[in-house]
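Chain residues, written in single-letter form:
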Amino acid sequence: MDNIIEPRKQKLERLRSRGVNPYPNSYKRSNTTQEAVNLLTDYEAKKAGTPQVSVRNLLDDNPLTSIAGRVIAKRSMGKIAFIDLRDGSGKIQLLFGDRLNPSLVEIAKDIDIGDFIGASGHLFLTRTKEPTVAVQEFTILSKSLLPLPEKWHGLADTEIRYRQRYVDLIASSEVKDIFQKRSRIITAMRSFLDGRGFIEVETPVLHSSAGGALAAPFITHHNALDQDFYLRIALELHLKRLIVGGFDKVYEIGRIFRNEGIDTTHSPEFTMLESYEAYADYNDVMAMLEQMVSFISQHALGTAEIKYGNDIINLTPPWRRITLRDAIKEYSGIDFVKYPTADGLREKMRSLNIEIDPKKNWAKLVDELLKTFVRPKLIQPTIVFDYPVSMSPLAKRKPGEERVVERFQAYAGGCIEMGNAFTELNDPIEQRLRFEEQLQERQADDEEKWTIDEDFLTALEYGMPPTGGLGVGIDRLTMLLTNQTSIREVILFPQLKGKE
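Quantities reported herein were computed from a predicted structural model and do not represent experimental measurements. (Residues numbered from 1 in each chain as written. Predicted model: local features only at pLDDT ≥ 70, side-chain atom pairs only at ≥ 80, totals over all residues. Heavy atoms only, no water.)

A. Looking closely at the side chain of Lys143. Assignment of secondary structure puts Lys143 in the loop between strand S5 (131-142) and helix H4 (158-163). The exposure class assigned to Lys143 is buried, which follows from its relative accessible area of 3%. One polar contact links Lys143 to Asp115, side chain to side chain, over a distance of 2.8 Å. (Helix = DSSP H or I, 4+ residues; strand = E, 2+ residues; numbered from the N terminus. Buried < 20%, exposed > 50% of the residue type's maximum accessible area, 1.4 Å probe, protein only. Polar contact = N/O pair within 3.5 Å; in protein donor to acceptor, adjacent residues only side chain to side chain.)

See below:
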C-alpha cells in the first residue's frame, strides 16, 4: 500500500511547498456539470449556422462557467491535456492548454485521478462535439491519497463493494442509479400517502417489550433508567396507539431491527413503511396497495411495466387475488385445512419428500408451504389472502370463518413480498388471549420473542375503531423496481462481519 500512497503524498507536499492548501474549506461554483452542459447546448443552439470554433481561435464570448468535481480520467496530448470531471449531476471534459494561467501549469502536473478540483473557463464544443471547459483557473479541493479502481464498470469483489460502498459508488454509475431510484421510491410513497390524507409520525426505536411481530430482537441497556430495552422489531403497536388516540390515518417510514439470519431477502436492519387507516378493512388496503405500488413505479421509473430478471411485470391494478388455501392447493397439492395438527401436516409434507425441521409448529409449516411452492410461481403481482388465525395474532377473524383472519400478502417476481396487511384486531379481550396462546406455543429455545405489551392492551381497552393496517418492506420493493436479486444491493451500508 505504501508504494501506492507515497507518490501521492509527495505531490501533496509539493503542493504545500508552493503555498497551495490541498484541502480548502469551500469553493464557489456557478454551475453543476450538467448545468454547464445545458448552458453550452443553449448557446450552441442560438449561434447555429456560424462556423465551428476551433481550440486555437476560441471565442471569448462563449459562456463562462465555474465547476467542481472529481477527476476520473486524464489524457495528455503534447502541450495540452484533457481531464474528465464528474460531480453528482454528471460529467464534463476539461482542457488544460495555453489558456491556463501560467502560474498554475506546474500545479496541474500534480493532479491525480481521484482528486477533487474546481475549474473555471469558457465552454465550447470540440470537433467531436464533446462539451468542454477551456480551463483558465483551477483549484485543488481535495487531494486523493488512494487511487480509484482501475475498472470503471465497478468493483469485482462483492464484499469490498459492500464494505467500501463509497468506492463502489465512485466506480459504478449503475450502483449510484439504484440509490437515486430508492430515494425517488420513498419520495413517491410519501407523496401518495400524504395525498390520501395520511400524516407521517415517528415512534420509539427502543421498546420495553418485543411486540408487533414474531422475530428475535436485539437487546440494549439504558444506563440512565438501568433497564434493558429491545430495538423495535415492528412499528405496529405504537402506530395503533395513535389510532386509539384519535388519528384516523397515520404512517411511519422507519428502521426495523431483527436479530436473525442474513440472505438475499433478509437483513438484520431494514426499512419499513407501516400505515394504519381507521374505518378501513383489508379489502380497502388491498386496493390502496395496488394503487400505491403502481403510483410509485410511475413516478420513480416513469412506467408501471418493469423488468425483473427475465420477466416483464405489469404493476397496473387490479392484481390477481387468490386465497392462501387455494394457492397452496394449486401449487403443492396439499389442502392444509385437512391436516389441522403439526404432526399430521408434517407427515403429509414428508410423503411428498419435503424435509421439515421437526421443531416447526403448524403455522410455520403452512408458511413453509407458501415459501416453497407458491411464492416462486407468483411472477405477476398477486394478492394471497385469508390466513389461518395461528399465523396472524394481530389480525381480525373473517366473519363466519372461525379459523381464518382477514390478512393478505402481495407478491411479484417469484420471490418479492410487496406488502403484508390485516384488518386489525381491536377486541382487547381476544387480543390478550391471542398473545397468551402465542407465548404458550413458543418453545423455550425459540429465538423468536413474543412478549405481551400491557400498555398496548390498555390502549385497546379505551377502544380502537375498525382499522386496516399495511406493512411494506422498502428494501424489497426497491429490489423489485430496480431489478436486483439481493437486498444488499439496495442497502447503502449492509451489515457485514467485522474484519479481524
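B. Focus on the pattern of salt bridges. Per the counting criterion, the structure on display carries 37 salt bridges. Note that Lys249 is salt-bridged to Glu277, the shortest N-O span being 3.8 Å. Of this pair, Lys249 sits in strand S10 (residues 249-257) while Glu277 is found in strand S11 (residues 269-278), placing the two residues 28 residues apart along the sequence. Overall, Glu277 belongs to the buried group, its relative accessible area being 17%. Lys360 is paired through a salt bridge with Glu368; the nearest N and O atoms lie 2.7 Å apart. (Salt bridge = Lys/Arg side-chain N within 4 Å of Asp/Glu carboxyl O.)

C. Examining the sheet that holds strand S8 (residues 219-222) more closely. With respect to topology, three strands assemble into an open sheet ordered S7-S9-S8, the strand pairing being antiparallel. The sheet is open, and its two borders are formed by strand S7 (206-207) and S8, each paired with just one other strand. Here S8 runs beside strand S9 (residues 227-231); their pairing, made up of four bridges, is antiparallel. Pairing of Thr220 across the sheet is with Phe229, part of S9. (Pairing = 2+ DSSP bridges.)

D. How the structure looks around helix H9 (residues 324-332). Here H9 has its buried residues at Leu324, Ala327, Ile328 and Ser332. For H9, the buried positions fall inside an angular range of 95° around the axis, keeping them on one side. Where H9 is buried, its residues touch strand S14 (320-323), helix H11 (362-374) and strand S15 (382-388). Just downstream of H9 lies Gly333, where phi reads positive at about 85°. (Arc of directions from axis to C-beta. Contact = heavy atoms within 4.5 Å.)

E. Inspection of the packing of helix H10 (residues 342-351) against H11 at higher detail. For the pair H10 and H11, interaxial distance at closest approach is 9 Å and the crossing angle is 30°. When the axis of H10 is compared with that of H11, the two are roughly parallel. Judged by the sense of rotation from one axis to the other, the crossing of H10 with H11 is left-handed. Residues Ala342, Leu345, Arg346 and Met349 of H10 form the contact with H11, whose participating residues are Trp362, Leu365, Val366, Glu368 and Leu369. Its residues placed into classes, the contact of H10 with H11 shows seven nonpolar, no polar and two charged. (Axes fitted to C-alpha atoms, helices over the stretch in contact; angles between N-to-C directions. Parallel < 35°, antiparallel > 145°, perpendicular 65-115°, else oblique. Left-handed = near helix turned anticlockwise from the far one by under 90°. Nonpolar A, V, L, I, M, F, W, Y, C, P; charged D, E, K, R; others polar.)

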